[in-house]
Amino acid sequence: MDDPEAVASTLRRARGVVVLTGAGVSAESGLPTFRGDGGLWRGHDPTRLATPEAFERDPALVSEWYDLRRMAAAVSEPNAAHVAMAELERHVVAAGGRFALLTQNVDRLHQRAGSERVVELHGSLVVWRDHRSGRRVTPEPTPFRTHPMPGPDGGWLRPDVVWFGEYLSEEALTVATSALTWCDLFLVVGTSAIVYPAAGLVGRATAAGAVTVEVNVAATPAHVDHRLVGPAAAVLPRLLEAAFGNAA
Ligand code: OAD
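About the cut-offs
- Residues numbered from 1 in each chain as written.
- Predicted model: local features only at pLDDT ≥ 70, side-chain atom pairs only at ≥ 80, totals over all residues.
- Heavy atoms only, no water.
- Pairing = 2+ DSSP bridges.
- Helix = DSSP H or I, 4+ residues; strand = E, 2+ residues; numbered from the N terminus.
- Contact = heavy atoms within 4.5 Å.
- Axes fitted to C-alpha atoms, helices over the stretch in contact; angles between N-to-C directions.
- Near = heavy atom within 4 Å.
- Polar contact = N/O pair within 3.5 Å; in protein donor to acceptor, adjacent residues only side chain to side chain.
- Areas by Shrake-Rupley, 256 points an atom, 1.4 Å probe, with all protein chains shown as cover.
- Nonpolar A, V, L, I, M, F, W, Y, C, P; charged D, E, K, R; others polar.
- Core = buried A, V, L, I, M, F, W, Y, C linked by side-chain atoms within 4.5 Å.
- Buried < 20%, exposed > 50% of the residue type's maximum accessible area, 1.4 Å probe, protein only.
- Right-handed = clockwise from strand over helix to strand, strands pointing away.
- Salt bridge = Lys/Arg side-chain N within 4 Å of Asp/Glu carboxyl O.
- Parallel < 35°, antiparallel > 145°, perpendicular 65-115°, else oblique.
- Left-handed = near helix turned anticlockwise from the far one by under 90°.

(A) Focus on the sheet that holds strand β6 (residues 157–161). Overall, antiparallel pairing links the three strands, which are arranged β5-β4-β6 in an open sheet. Edge positions in the sheet fall to β5 (136–137) and β6, since each has one partner strand and no second. Sheet topology note: the strand β4 (residues 123–130)/β5 ladder contains two bridges and is antiparallel. Residue pairing across strands places W128 opposite V137, the latter belonging to β5. Sheet strands in contact with helix α6 (residues 59–75) are β4 and β6, and its direction is about 140 degrees off that of β4.

(B) Here's a closer look at the site of the ligand. E28, R35, T191, S192 and N216 are the nearest of the 22 residues found near the ligand. At a separation of 3.2 Å, an oxygen atom of the ligand approaches a polar backbone atom of G190. In the model, an oxygen atom of the ligand is placed 2.7 Å from a nitrogen or oxygen of the N216 side chain. Summarising the interface, the protein chains cover 90% of the accessible area of the ligand, which totals 800 Å² for the free molecule. For the shell around the ligand, the class distribution of residues is 10 nonpolar, 10 polar and two charged.

(C) Quick look at the nonpolar core. Counting residues in each nonpolar core, the largest one holds 28 residues, and the members touching the most others are V19, L88, V189 and L236. At the level of elements, α1 (4–13), β1 (16–21), α7 (80–94), β2 (98–103), β7 (185–189), β8 (211–216) and α11 (232–244) are the ones that each hand at least two residues to this core. The element that contributes the greatest number of residues to this core is α11, accounting for eight residues. When near neighbours in sequence (up to four residues on either side) are disregarded, V19 contacts M85, L88, F99, A100, L101, L102, L187 and V189. Counting 23 residues, the second largest nonpolar core, distinct from the first, contains L102, L121, A179 and V188.

(D) Expanded view of the sheet that holds β7. A sheet is described by the order of its strands in space; here six strands give the open sequence β3-β2-β1-β7-β8-β9, paired in parallel fashion. Each having just a single partner strand, β3 (118–120) and β9 (226–229) make up the two edges of the open sheet. Put simply, the sheet's adjacent strands are angled 20 degrees from each other on average, direction ignored. In the packing of α1 onto the sheet, contacts are made with β1, β7, β8 and β9, and the angle to β9 comes to roughly 115 degrees.

(E) Here's a closer look at the side chain of S124. Topologically, S124 is positioned in strand β4. Residue class for S124 comes out buried when judged on its relative accessible area of 2%.

(F) Structural view of the pairing of β8. The buried fraction of β8 is high, at five of six residues. Sheet topology places β7 next to β8; five bridges connect them, and they run parallel. Looking at β8, one finds that V189 is bridged to V215. Traced from β7 through helix α10 (residues 200–207) to β8, the parallel crossover comes out right-handed.

(G) How the structure looks around the pattern of salt bridges. For the coordinates displayed, the defined rule picks out nine salt bridges. Residue D160 pairs with R136 through a salt bridge whose shortest N-O separation is 2.7 Å. Here D160, found in strand β6, pairs with R136, found in strand β5; they are 24 residues apart in sequence, far enough to count as distant. The buried category is assigned to D160, whose relative accessible area is 12%. Several salt bridges share partner residues, and in doing so they unite R129, R136 and D160 into one network.

(H) Geometry of the packing of helix α9 (residues 170–182) against α10. Across the interface, α9 lies against α10 with an axial gap of 9 Å and an inter-helix angle of 30 degrees. Considered as vectors, α9 and α10 are oriented roughly parallel to each other. Our pair here, α9 against α10, has a crossing hand that is right-handed. Residue-level inspection shows A176, T177 and L180 of α9 in contact with α10, the latter providing L201, R204 and A205.

(I) Region of the structure containing unusual backbone geometry. Residue P148 is reached from H147 by a cis peptide bond, and omega for that bond is -10 degrees. Among the secondary structure elements, P148 is positioned in the loop between β5 and β6. A cis geometry characterises the amide bond from Y196 onward to P197, with omega recorded as 5 degrees. The residue P197 is located in the loop between β7 and α10 in this model. For A193, which is not glycine, the phi dihedral falls at a positive 55 degrees. With respect to the helices and strands, the residue A193 is situated in the loop between β7 and α10.

Take a look at the structure:
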């Protein structure tokens, strides 16, 4: 199961690489994960913060909580795991292969590390939208002066993230699903892989014939072909080095 050489060799030969990431990737940038010790859902009740009903009930509280997370993301830096995934994309694309990075993260650290083919399955904290009209805006990266902030069309600004009880964007799901048709290596990095529909992508990748590899500090219930256990910021650079040498 834990066979870095076999994974490196699969990576070297792969023509289509898809990566699914979660909050664990940003842990070493200082951003908390959701579950586990110190996780956001340990100290906060998601039904009070991450649902449309919560926003209807107390828009100021929800706005303040997401604004704090927006600011924390803005002042954090991509870590070696983000950088390794951007390098992996460049390497695969330069060799004529296909690549997609499907992320559940809303912090934009992948893009800031240089990743280009990113699908934000759960939206983004950087973008907000008027809760009435849906019109999107990108506020300055400074704390909001009031909560909630008035939107451009008479509603309140809400983060452009996917809340519990909401659907993922059709476009994001279409890109993710079509990536499974050409993917021969599916990497699952830093996610508990229990929140659907993102979690279901792992099984679908297997069904589509891809080799699946999990990179995580602890094994999750996901059924994968290989597990590389350790912090993503250490495991991924090592994997790239083993697969491509210094040329990575
Ligand atoms: P979780 O908090 O559920 O899981 C984080 C995973 O990262 C766990 O499996 C940890 O073991 C692992 N991990 C922690 N530090 C790591 C490190 N340095 N290197 C590698 N792995 C590490 O976060 P997600 O799986 O992203 O959705 O959660 C999925 C969704 O649930 C989120 O997008 C969010 C949440 O509710 C919404 O808000 C809609």
